[in-house]
Every structure is written in C-alpha cells, then in structure tokens.
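Residue-level structural notes
Spelled out from the first residue to the last, the chains are:
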Amino acid sequence: MLYMASRTQLMGELIAPALQRGACVLCDRWVSSTIAYQVAGGAEPESVLRAYEAALRDVWPDLTVILDLHPEKGLERAGRLGGHDRMESKGIEFHRCVRDIFLTQAREHANSFLVVDAEGDIEQVQARLRDLVSQWARRQQKPDG
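Residues numbered from 1 in each chain as written. Predicted model: local features only at pLDDT ≥ 70, side-chain atom pairs only at ≥ 80, totals over all residues. Heavy atoms only, no water.

1. As for the environment of Asp68
Just so we agree on the cut-off: Only DSSP runs of H or I covering at least 4 residues are called helices, and only runs of E covering at least 2 are called strands; the numbering of each starts at the N terminus. Accessible area is worked out with a 1.4 Å probe on protein chains only. A residue is then buried under 20% of its type maximum, exposed over 50%, and partly exposed in between.
Take Asp68: it is sitting in strand β1 (residues 64–68). Accessibility expressed as a relative area gives 14% for Asp68, which makes it buried. Taking C-alpha positions, Asp68 is 6.3 Å from Val115, a pair spaced 47 residues apart along the chain.

2. Thoughts on the layout of surface pockets
Any empty space left between atoms is shown by rolling a water-sized probe over those atoms. Quick note on the threshold: The rule is simple: put a 1 Å grid over the protein atoms alone, call a set of points where a 1.4 Å probe fits but cannot get out a cavity, call an open set with protein on both sides within 12 Å along at least five of seven lines a pocket, and count a residue as lining if it has an atom within 4 Å of a point. Grid points are joined across faces, edges and corners, and a volume is the space filled by probe spheres set on the points. Side-chain classes are defined by residue name, with Ala, Val, Leu, Ile, Met, Phe, Trp, Tyr, Cys and Pro counting as nonpolar, Asp, Glu, Lys and Arg as charged, and the others, Gly among them, as polar.
Here the largest pocket defines a volume of roughly 2000 Å³. If you go around the largest pocket, you meet 48 residues; those closest to its centre are Cys27, Asp28, Arg29, Ser33 and Val65. Of all elements in the fold, only α1 (2–20), α2 (31–40), β1, α4 (71–80), α5 (92–108) and α6 (122–141) reach the threshold of two or more residues within the lining of the largest pocket. Looking at side-chain class alone, the lining of the largest pocket contains 31 nonpolar, eight polar and nine charged residues. Roughly 330 Å³ of volume is contained in the second largest pocket.

3. Some details on α2
Selection criterion: Note on definitions: a residue-residue contact is assigned when non-hydrogen atoms from the two residues lie within 4.5 Å.
Across the 10 residues that make up α2, a large majority, eight, are buried. Every buried residue of α2 is accounted for by Val31, Ser32, Ser33, Thr34, Ile35, Ala36, Val39 and Ala40. Buried positions along α2 lie against α1, α3 (45–56), β1, α5 and β2 (113–117). Backbone geometry just downstream of α2 places Gly42 in the positive-phi region, at approximately 115 degrees.

4. Considerations on the packing of α2 against α5
Threshold: Here an axis means a line fitted to C-alpha atoms, over the contact stretch when the element is a helix, while the angle between two N-to-C directions is reported on a 0 to 180 degree scale. Note that the term roughly parallel is reserved for angles under 35 degrees, roughly antiparallel for angles over 145, roughly perpendicular for angles of 65 to 115, and oblique for everything else. Should the near helix be turned anticlockwise from the far one by less than a right angle, the crossing is left-handed, and should it be turned clockwise, the crossing is right-handed.
The interhelical angle for the contact between α2 and α5, taken along N-to-C directions, is 140 degrees, at an axis separation of 8 Å. The pairing of α2 with α5 is recorded here as oblique in orientation. Classified by chirality, the crossing of α5 by α2 is right-handed. For the pair α2 and α5, the contacting residues are Ser32, Ser33, Ile35, Ala36, Tyr37, Val39 and Ala40 in the first and Phe94, Cys97, Val98, Ile101, Phe102 and Gln105 in the second.

5. Structural notes on the packing of aromatic side chains
For clarity, the threshold we go by: Ring pairs are drawn from Phe, Tyr and Trp, using the six-membered ring of Trp, whenever the two centres fall within 6.5 Å, and their geometry is named by plane angle: stacked under 30 degrees, edge-to-face over 60, tilted for the rest.
Per the counting criterion, the structure on display carries three aromatic pairs. Geometrically, the ring pair formed by Tyr37 and Phe102 is edge-to-face, given 6.3 Å between the ring centres and 80 degrees between the ring planes. Highlighted residues: Tyr37 in helix α2 and Phe102 in helix α5, separated in sequence by 65 residues. The partly exposed category is assigned to Tyr37, whose relative accessible area is 22%. The class for Phe102 is buried, based on a relative accessible area of 14%. Plain terms: the ring middles of Tyr52 and Trp60 are 4.7 Å apart, the flat faces sit at 50 degrees to each other, and that makes the pair tilted. Of the residues examined, Tyr52 reaches a relative accessible area of 0% and is grouped as buried. Overall, the relative accessible area of 38% leaves Trp60 in the partly exposed class. Every member of this aromatic cluster is reached through a ring pair, and the members are Tyr37, Phe94 and Phe102.

See the structure below:
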C-alpha cells in the first residue's frame, strides 16, 4: 500500500499536471515493477492490481520498457556500482522470478511493452532502445483499419 500511496502522490503532484500540459512523462518504475516485485515476494497478482486500480483509477502508461538482463549479470553490474541494496540482497531465485514476471507482463500486453536486450555496453543498449522505441512510435501513428 505504501508503494501505491507514493505512486498516487507522484501522479497528483507531477505526472497529471505534466500530462495536462502535453508533456511526455518518463518514470523509472511504475505498476509493472510493483507487480513483479510484490508477486515475486508472495503477493497475489490480483490484489496488487486491485490496489493499483483503486489508487490510480486504472491509469496505465502508453509504453513500458523493460531493460532485460539475466539476473546474475544484473546483480554483478549492481555490485560494481557500490553494493547491494535491500532488494538486490534477495536470493538469485527471487530475481529470476522477478524477471519472469516482467517478461510475462510484456507477453500479455505486447502492444504497450517493449523488451530491450540490456546485454552489452551503454551505447549498444541505448541503440537498441532507440530502435525499438522508434519502431513502436511508428506503429502508434498508423491509422487503424
């Protein structure tokens, strides 16, 4: 509930006003993260979704980007950046489960999720990200029918 309260405050104070101005809003975490981490920790997916829908009235991002990396590599990278926080200190099985939940969400909502291979250096990942987001944006501009 604390994550949802935080997201509700963020929506009211920053995101909604920015969207009303016509701005593009980028967040580094949103409901897909809450679902992945809470469900991996033992919560029921339906209860996480109900809490989200109650808190944010079912407002969903146009696009969710998952920077996908095998958990072992991700934890190795995180360790090089100064150690592990509370979430990173959980076991490898937890992180494998989190990744699987993210990828399941992407498969189930393919029109609003992109999975970017995060293997390689910053320039390689950034090039893949730009490519995939550009392709997604072009698909959004095509008229239906």
